[in-house]
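Spelled out from the first residue to the last, the chains are:
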Amino acid sequence: MPRRSVIVTGGAIGVGAACARRFAEAGERLVIADAEEKAGRAITQEIIDKGGEAVFVLANVTNRLHVHNIIAEALENYGRIDVLAHMALERYSAAFLDTSEEEFERIVAANLRSAFLLNQAAARQFIRQHKEGTAPPAPGAIVNLMSVEAVTAAPDHVAFAATQGGVHQMTKAVALALSSYGVRANSVGIGAIRSEFTEEAERKRARESVPLKRVGDPEEVAETVFFLASPAASYITGQSIFVDGGRLIRSVANERPKAE
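The residue numbers shown here count from 1 along each chain, following its written sequence. Predicted model: local features are reported for residues with pLDDT of at least 70 only, side-chain atom pairs are reported and counted for 80 or more only, and whole-chain, interface and lining totals are derived from all residues. Think of the side-chain values as coming from all heavy atoms in the structure, minus any hydrogens and water.

S.K.: Just checking my understanding: could you explain the overall build of the protein chain for this structure?
M.R.: What the protein chain contains, in helices and strands, is eight helices and seven strands. Taking 260 residues into account, the globule formula puts the C-alpha radius of gyration at 18 Å, and the protein chain, at 18 Å, falls close to it. Considering only C-alpha atoms, the protein chain reaches an extent of 65 × 40 × 40 Å along its principal axes. Exposure categories follow from relative accessible area, calculated using a 1.4 Å probe and restricted to protein chains: below 20% of the type maximum is buried, above 50% is exposed, and the middle band is partly exposed. Evaluated residue by residue, the protein chain yields a buried proportion of 48% over its 260 residues. For this analysis, residues touch if any pair of their heavy atoms sits within 4.5 Å. Considering only residue pairs separated by 6 or more positions, the protein chain has 70% of its internal contacts joining residues 24 or more positions apart. Entry remark: accessible area of the protein chain is about 12,800 Å², with carbon and sulfur atoms responsible for 54%. This count recognises Lys and Arg as positive and Asp and Glu as negative, with His and chain-terminal groups excluded. A single reference atom marks each charge: NZ on Lys, CZ on Arg, CG on Asp, CD on Glu. Charged side chains in the protein chain number 29 positive and 32 negative. The centres of these two groups are separated by 5 Å. The numbering of helices and of strands both runs from the N terminus, where a helix is a DSSP run of H or I of at least 4 residues and a strand a run of E of at least 2. As defined in this context, the radius of gyration uses C-alpha atoms, and a globule is described by 2.2 Å times the residue total to the power 0.38. Only the protein chains shown count as cover for residues, with accessible areas throughout obtained via the Shrake-Rupley method and a probe of 1.4 Å.

Following this line, the structure appears as structure tokens:
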């Protein structure tokens, strides 16, 4: 199979950067998009220095024109798009009654609007390639990043949880909308991942909530994203895999009534 053209959004740091490195290790050609220019250019250069092929796009993925520029950059450099790994994710915490309408709209734009714009733009290109007969045996794959709060909730995460549930359901609907073209869409939900915590106290609290008793690595998420985007997952679409160390199953167990 020829080397694929892969877009990784949020690719400058954390899980997104780990995904960019994983795709690069497989010889894929990358477009790395992020609003963090210094870090984005650094990882792009790192990949190039190791013999990989990558370009960086400075982009705010809530902006439709910026999304257009990401797609255009992929087409200009590689002539096609094979994978969208949408790894941009913005966390937000505030008391429900203190969350302003403006902040709610901002986090919806950052997490849900961006996913919609990128999924739609990539889908249009996948369909165009399908109709032109230029689609390879694997005609296109989308992987969206989300949090375990797509299915759980916290009182100070009302806006954030709403966006994660939206991405969860949107991915399923996108999978159905694109299934007749052979294009797949899946999501990866993350729990406590090392790149999200800067203080040891935060990591300790995270470990205590995880059955595996440790914080996950961005590379572990990247392996799952890579799998879902690969031909090895060719019969998987509309699904969500949670890379969370068992956090979700613990939540379910804790909610069950105890035996008398």
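S.K.: Even after reading the chapter, I still don't get the pattern of salt bridges, so can you show me in this structure?
M.R.: A side chain of one charge can pair with a side chain of the opposite charge when the charged atoms of the two come close. A carboxyl oxygen of Asp or Glu within 4 Å of a side-chain nitrogen of Lys or Arg is what we treat as a salt bridge. In the structure shown here, the tally under the stated rule is twelve salt bridges. Across the pair Arg3 and Glu53 runs a salt bridge whose closest N-O atoms are separated by 2.7 Å. With Arg3 in the segment before β1 (5-9) and Glu53 in strand β3 (residues 53-58), the pair connects residues that are 50 residues apart, well separated along the chain. Note on Arg3: relative accessible area 43%, which makes it partly exposed. What makes Glu53 partly exposed here is its relative accessible area of 28%. Across the salt bridge formed by Glu103 and Arg106, the nearest N and O atoms sit 3.2 Å from each other. With Glu103 and Arg106 both in helix α4 (residues 101-132), this residue pair falls three residues apart, about one helical turn. The exposure class assigned to Glu103 is partly exposed, which follows from its relative accessible area of 28%. One network of salt bridges, with partners in common, ties together Arg21, Glu46 and Lys50.

S.K.: Sorry if this is basic, but what is going on with the sheet that holds strand β5 (residues 141-147) here?
M.R.: In a beta sheet, neighbouring strands pair by backbone hydrogen bonds and run either parallel or antiparallel. Here, any two strands with at least 2 DSSP bridges between them count as paired. One open sheet accounts for seven strands, arranged β3-β2-β1-β4-β5-β6-β7; its pairing is parallel. On the outer flanks of this sheet lie β3 and β7 (240-243), each paired with one strand and no other. Strand-to-strand twist in this sheet, taken as the mean axis angle between neighbours without regard to direction, amounts to 15 degrees. Bridge count for β1 against strand β2 (residues 29-34) is five bridges, and the pairing is parallel. Across the sheet, Ser5 pairs through a bridge with Arg29, a residue of β2. Helix axes are fitted to C-alpha atoms over the stretch in contact, other axes to C-alpha atoms as well, and angles between N-to-C directions run from 0 to 180 degrees.

S.K.: Where do I start with the side chain of His157 in this structure?
M.R.: Examined against the element boundaries, His157 turns out to sit in the loop between β5 and α5 (158-178). There is a polar contact of 2.7 Å between the side chain of His157 and the side chain of Glu149. Non-local contacts of His157, meaning those with residues more than four positions away in its chain, are made with Tyr92, Ser93, Ala94 and Glu149. Pairs of N or O atoms within 3.5 Å make up the polar contacts considered here, provided that, within protein, one atom can donate a hydrogen while the other can accept it, and that residues adjacent in sequence are counted only when both atoms are side-chain atoms.

S.K.: Looking at this model, I keep getting lost on unusual backbone geometry. Mind explaining?
M.R.: Where the residue is not glycine, phi is negative for most of them; where a peptide bond is considered, it is trans in most cases. One non-glycine residue, Lys213, adopts positive backbone phi at about 60 degrees. With respect to the secondary-structure elements, Lys213 resides in the loop between α6 (200-208) and α7 (218-229).

S.K.: In this structure, what is going on with a nonpolar patch on the surface? I would like to understand it.
M.R.: Patches here: salt-bridge-free residues with over 30% relative accessible area, like charges joined within 9 Å, nonpolar side chains (Val, Leu, Ile, Met, Phe, Trp, Tyr) joined within 5 Å. Side chains of Phe96, Leu97 and Val158 sit close together on the surface and give an oily, nonpolar patch of about 340 Å² of accessible area. Mapped onto the elements, Val158 comes out in helix α5. Judged by its relative accessible area of 33%, Val158 falls in the partly exposed class.

S.K.: Is there a simple way to think about the packing of α4 against α5 in this case?
M.R.: Across the interface, α4 lies against α5 with an axial gap of 9 Å and an inter-helix angle of 15 degrees. As summarised for this structure, α4 and α5 are arranged roughly parallel, according to the angle between their axes. Relative to α5, α4 is oriented so that their crossing is right-handed. Residues Phe104, Ile107, Val108, Asn111, Leu112, Ala115, Phe116, Asn119, Ala123 and Ile127 of α4 form the contact with α5, whose participating residues are Ala159, Phe160, Ala162, Thr163, Gln164, Gly166, Val167, Met170, Val174 and Leu178. Note on terminology: angles under 35 degrees are roughly parallel, angles over 145 are roughly antiparallel, angles of 65 to 115 are roughly perpendicular, and the others are oblique. Helix crossings get a hand from a simple test, with the near helix turned counterclockwise from the far one by less than a right angle marking a left-handed crossing and a clockwise turn marking a right-handed one.

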